[in-house]
Amino acid sequence: MKIGEFARKFDARIDTIRYYIDNGMILPEKLHSQYRFDDKCVEDMTLIKELKQMRFKITEIKKILSFKRLTNLIDKTNLEYYAQFFNEKKEDLIEEKKEIEKAIKAVDEKITEIETVKKTLKTKIGIPLQFFNLLYCPRCQKNLKLYNAIVDGNSIYNGELHCDCGYLALIQDGIIIDHNIGESYKKVMEVNKYSPEAYLEQTDTLFISFTQKSFQWVIKRLDLESLNNQIIMEIGTGNGMVMTNVIKEIAKSNYFIATDNSLEQLKRTKSLMEKNGIGQNSIFIASNYNEIPLKWGSVDIVLDIFGTTNQVFHQEEFLFEHIKPYLKQAGTLFGTYIYLKPSSSQFKPNFRKYRKYFMLEAIKTSLNDFEIEDASTFGFTTSRGDLINVLGEGSKIHQWACQAKKL
Ligand SMILES: C[S@@+](CC[C@H](N)C(=O)[O-])C[C@H]1O[C@@H](n2cnc3c(N)ncnc32)[C@H](O)[C@@H]1O
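Residues numbered from 1 in each chain as written. Predicted model: local features only at pLDDT ≥ 70, side-chain atom pairs only at ≥ 80, totals over all residues.

Trainee: Can you lay out the overall build of the protein chain for me, pointing to particular residues and giving the numbers?
Mentor: Of the regular secondary structure elements, the protein chain holds 13 helices and 14 strands. With respect to the principal axes defined by its C-alpha atoms, the protein chain has extents near 120 × 50 × 40 Å. The 407 residues of the protein chain split such that 33% are buried. Relative to all contacts within the protein chain whose residues are 6 or more apart in sequence, the contacts with residues 24 or more apart total 70%. (Helix = DSSP H or I, 4+ residues; strand = E, 2+ residues; numbered from the N terminus. Buried ≥ 20, exposed ≤ 12 C-beta atoms within 10 Å, placed from the backbone. Contact = placed C-beta atoms within 7 Å.)

Right under this line is the structure:
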């Protein structure tokens, strides 16, 4: 058999056969400068292939072939020596297998690590580029100009939003931050600064359950699953109890604008969403309610779940005047409010000036530019919750929730 046929027979390259010849592993005769491969060559090559499959190295194969040639493996001692090559190889392979299993485990761990990083990158929330044209100066209602932007994919993560009037907001890690936030931030009622865990520590669970009644009332009327292409804005997102409930259920075609003047709470809520891969369609704005950098008439639904109730202690005014311009014509306000009846409640002396913001009639009157489409009250609680420093013991706390259309 000539070299071509021999190579084909063993599915090998001619170069490889030449290498084996040069290394004395197969010993063909040379006739008129052409190799001739006989049965002995076939036998050697068959063994070489078997040994290669068993992962023997070339030096080891050479040794095995030589031993076989020297002894012809005719007696027991020869065979014992011969078997030794294979026993040692088996031990090597078992060791190698352990090493490979270790390597596979390490590779698997790396893959999982990369997947986790990929997931966090994928779920990082920024300001969607298509939302940019709704970012307006809250003072002069002109489109804001974006400078030094860092854009990744379809979202803005960092940058500066300027207006010619001098208004400035920063975009940091995907949150729009009013440049003056530092001041208003300090004024927020302390209890809201805390994490949900700390809030729970300081607040009677009865009060929390009570506030859930009006919140649930709103959620039912929002009919989350049927919402499409809506811009929803929450007033006072805080730790995101409302937001996470809403964002989980609504279609991606809706935008959820989370606002709060506590940057710390917004950051926490945002990273909670990112960690859980939700809220890609949300926009986080850290600003005061009266300085939200948004185009008027762009919001379909405002959620005011105790936002107004909370901020009267800082700004001593109802929020409706500030909220209304952002709503579209016939847009809806869903609000939940705490109210008190003078006959069954008592403000502590330092807080008496706030009483007028907790009168149901006053709340309704200040909604005069809205048509109340639906409303409900929810009994009362004497558990003072957040209001413990504000109200005397035994005061009855009531709630009112409404669905109101902008006129
Ligand atoms: C009662 S909490 C709202 C709770 C929230 N809806 C939730 O689901 O957890 C009121 C929030 O309004 C924020 N806040 C109070 N006054 C504000 C103001 N003037 N401007 C913006 N945010 C304000 C507080 O930081 C607080 O997080």
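Trainee: Before we move on, can you summarise the environment of Cys140 with the specific residues and values?
Mentor: One can find Cys140 in the loop between β3 (127-128) and β4 (145-152). Judged by the 11 C-beta atoms lying within 10 Å of it, Cys140 falls in the exposed class. Taking the C-alpha atoms as reference points, Cys140 and Cys163, separated by 23 residues in sequence, lie 8.5 Å from one another. Apart from the residues within four sequence positions on either side, Cys140 is in contact with Cys163 and Cys165.

Trainee: Tell me about the domain arrangement of the protein chain, residues and numbers included.
Mentor: The domain boundaries assigned to the protein chain delineate domain 1 (3-72) and domain 2 (187-406). In this structure, domain 1 and domain 2 have C-alpha centres spaced 84 Å apart. (Domains from an automatic or database assignment.)

Trainee: How would you explain the nonpolar core if you had to name every residue and give the values?
Mentor: Membership of the largest hydrophobic core comes to 70 residues, with the highest contact counts inside it found for Ile176, Ile232, Ile257 and Val302. Top element by residues in this core is strand β12 (residues 327-339). It accounts for six residues. Ile232 has contacts with Val246, Asn254, Tyr255, Phe256, Ile257, Asp300, Ile301 and Leu303, leaving out every residue within four places of it along the chain. Counting 12 residues, the second largest nonpolar core, distinct from the first, contains Phe6, Ile17, Phe37 and Cys41. (Core = buried A, V, L, I, M, F, W, Y, C linked by C-beta atoms within 7 Å.)

Trainee: Now, about the packing of helix α3 (residues 39-53) against helix α4 (residues 58-71): what can you tell me, with residues and values included?
Mentor: At a closest axis distance of 11 Å, the pairing of α3 and α4 adopts a crossing angle of 140°. Regarding the angle of α3 to α4, the classification is oblique. α4 is crossed by α3, and the crossing has right-handed handedness. Here α3 contributes Asp44, Leu47, Ile48 and Leu51 to the contact with α4, which in turn contributes Ile61, Ile64 and Leu65. (Axes fitted to C-alpha atoms, helices over the stretch in contact; angles between N-to-C directions. Parallel < 35°, antiparallel > 145°, perpendicular 65-115°, else oblique. Left-handed = near helix turned anticlockwise from the far one by under 90°.)

Trainee: Could you give an account of α3, naming the residues involved and the relevant values?
Mentor: Helix length check: α3, at 15 residues, gives a terminal C-alpha distance of 21 Å against a target of 21 Å (1.5 Å per residue), a fit within 8%. By the burial criterion, the buried members of α3 are Cys41, Asp44, Met45, Ile48 and Leu51. Axial view of α3: buried residues confined to an arc of 125°, hence all on one face. Structural note: α3 exposes Asp39, Glu43, Thr46, Glu50 and Gln53 on the side pointing more than 90 degrees away from its buried face. Tucked into the core, α3 has its buried residues touching α1 (3-9), α2 (14-22) and α4. (Expected span 1.5 Å × (residues − 1). Arc of directions from axis to C-beta.)

Trainee: Break down the site of the ligand for me, citing the residues and quoting the values.
Mentor: Close contacts around the ligand come from 22 residues, with Gly236, Gly238, Met241, Val242 and Gln311 the closest. For the shell around the ligand, the secondary-structure elements that each account for two or more residues are α9 (241-247) and α11 (307-315). Of all the elements, α11 adds the most residues to the shell around the ligand, at five residues. Counted by class, the shell around the ligand contains six nonpolar, 15 polar and one charged residues. (Near = placed C-beta within 6 Å. Nonpolar A, V, L, I, M, F, W, Y, C, P; charged D, E, K, R; others polar.)

Trainee: I'd love a proper account of the confidence of the model for the protein chain, names of residues and values included.
Mentor: For any part of a model where pLDDT is low, the fine detail of the predicted coordinates should not be relied upon. For the protein chain, per-residue confidence averages 92 on the pLDDT scale, and 96% of positions sit at 70 or higher. Below pLDDT 50 for its whole length, residues 184-189 participates in 12 contacts with residues either more than four positions away or in separate chains. (pLDDT = per-residue confidence, 0-100.)

Trainee: I'd like to hear about the pairing of strand β5 (residues 155-162), residue by residue, with values.
Mentor: Two strands pair when backbone bridges link them, and β3 and β5 are joined in this way by two bridges, in the antiparallel orientation. Note that in β5 the partner of Pro128 across the bridge is Ser155. Between the end of β4 and the start of β5, which pair antiparallel, lie two residues, with Gly153 showing a positive phi angle near 60°. Pairing of β5 with strand β6 (residues 168-172) involves four bridges; the strand directions are antiparallel. What sits directly across from Gly159, in β6, is Ile171. Connecting β5 to the next strand, β6, in antiparallel fashion are five residues, including Gly166 with a positive phi near 110°. (Pairing = 2+ DSSP bridges.)

Trainee: Summarise unusual backbone geometry; cite the residues concerned and give the values.
Mentor: Positioned with a positive phi, Asp173 is a non-glycine residue whose angle comes to about 45°. Tracing the chain through its elements places Asp173 in the loop between β6 and β7 (175-178). Even without being glycine, Glu316 reaches a positive phi, approximately 50°. Tracing the backbone through its elements, the reader meets Glu316 in the loop between α11 and α12 (320-323).

Trainee: Account for α4, naming residues and giving values.
Mentor: For an α-helix, 3.6 residues make a turn, and residues three or four places apart therefore share a direction. With 14 residues, α4 should cover 20 Å at 1.5 Å per step; its first-to-last C-alpha distance of 20 Å lies within 8% of that length. Directly beyond the C-terminal end of α4, a positive phi value near 60° is found at Asn72.

Trainee: Pulling in residues and values, what's your account of the pairing of strand β9 (residues 255-260)?
Mentor: Burial analysis of β9 places six of its six residues in the buried class, the great majority of the element. Here β9 shows no split at all, with Tyr255, Ile257 and Thr259 on one side and Phe256, Ala258 and Asp260 on the other all buried. The sheet contact formed by strand β8 (residues 231-235) and β9 spans five bridges and is parallel. Bridge pairing links Ile235 to Thr259 in β9. Assessed by its sense of winding, the connection that carries the chain from β8 through α9 to β9 is right-handed. The pairing of β9 with strand β10 (residues 282-286) spans five bridges and is parallel. Counted as the bridge partner of Ile257 is Ile283 from β10. Of the crossover connections in this fold, the one passing from β9 over helix α10 (residues 263-275) to the parallel β10 is right-handed. (Right-handed = clockwise from strand over helix to strand, strands pointing away.)

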